[in-house]
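Listed here are the chains, written in short residue letters.
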Amino acid sequence: MFKPFLKKLEGIKPQVVCVEAAHIYTNETPGDDHFFCAQVGARVVEALSSNGARIVKMLFIDDYHPSPEEATLNLPVYISRLKQAGFTPDTVVTESSLADSACRLLESLNGQIVERGGKLCLNESNLVLIAEDGTLSCNLLDATLYLEKFRNFDFSVTVLPEVYKTQQKNVRKLLKAFGHKTVPIANVYFDTRRGIKIVVY
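The tally for this structure, following the rule as stated, stands at three salt bridges. Between R194 and D33 there is a salt bridge, with the nearest N and O atoms lying 2.8 Å from each other. Of this pair, R194 sits in the loop between strand 9 (185–190) and strand 10 (196–200) while D33 sits in helix 2 (residues 32–50), and the two are 161 residues apart along the sequence. For R194, a relative accessible area of 29% gives the class partly exposed. Note on D33: relative accessible area 38%, which makes it partly exposed. Across the pair K57 and D90 runs a salt bridge, and its minimum N-O distance is 3.4 Å. With K57 in strand 3 (residues 54–62) and D90 in the loop between helix 3 (75–84) and strand 4 (91–94), this residue pair connects regions lying 33 residues apart in the sequence. Here K57 falls in the buried class, since its relative accessible area comes to 16%. Classification of D90 by relative accessible area gives partly exposed; the value is 48%.

Rules behind the numbers
Per-chain numbering applies: the sequence of each chain, read as written, is numbered from 1 onward. Two thresholds apply to this predicted model, a pLDDT of at least 70 for residue-level local features and 80 or more for giving and counting side-chain atom pairs, whereas whole-chain, interface and lining totals are computed over all residues. By convention in this description, side-chain values take in all heavy atoms of the structure and omit both hydrogens and water. For this analysis, a salt bridge means a side-chain nitrogen from Lys or Arg found within 4 Å of a carboxyl oxygen belonging to Asp or Glu. Numbering goes from the N terminus for both helices and strands, where a helix is a DSSP run of H or I of at least four residues and a strand is a run of E of at least two. Per-residue accessibility, obtained with a 1.4 Å probe over protein chains only, is compared with the maximum for each type, and a residue is labelled buried under 20%, exposed over 50%, and partly exposed between these values.

Shape descriptors only; they carry no functional weight alone.
Structure (structure tokens):
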């Protein structure tokens, strides 16, 4: 399954690759999708390691949009279960830790931000940057994370359920607005039937 993916990376020859898997919100109950995502992440790590790359495994947690009162996630227990699924995070990143950097990034979008229905959006698109209540969007925070990955890693692989395809497309659109015409990213999507699709950009 991963041979075509590895062949595409031959020209890039990444030395250090970030593999993100098992993304979760702090008000979510870990379920089958999270642990299958971890298993796919483990398979990606194994494939890339056999190709000579050094891997950093990342867990990304959304603790920004759920309120602290809504948070139910027991992080140590969740990480322990991810280990059982074969994916032991080397680093854990919270969405709230990216908020200040995301606000600074907005300043670089002068002339590209418009107000629509009380929301701040990118150009004339429906790509929301800031919601009506002042909350930073997932797209903006995720783009901020990718920019940090670009600084620290040669290549990034993100494993997600296929329902995130549109969201990831919007993030790439935002990265382009930030000046990144090409992005060292691959998405590994899985569907409800556990079929897997790999997309390299």
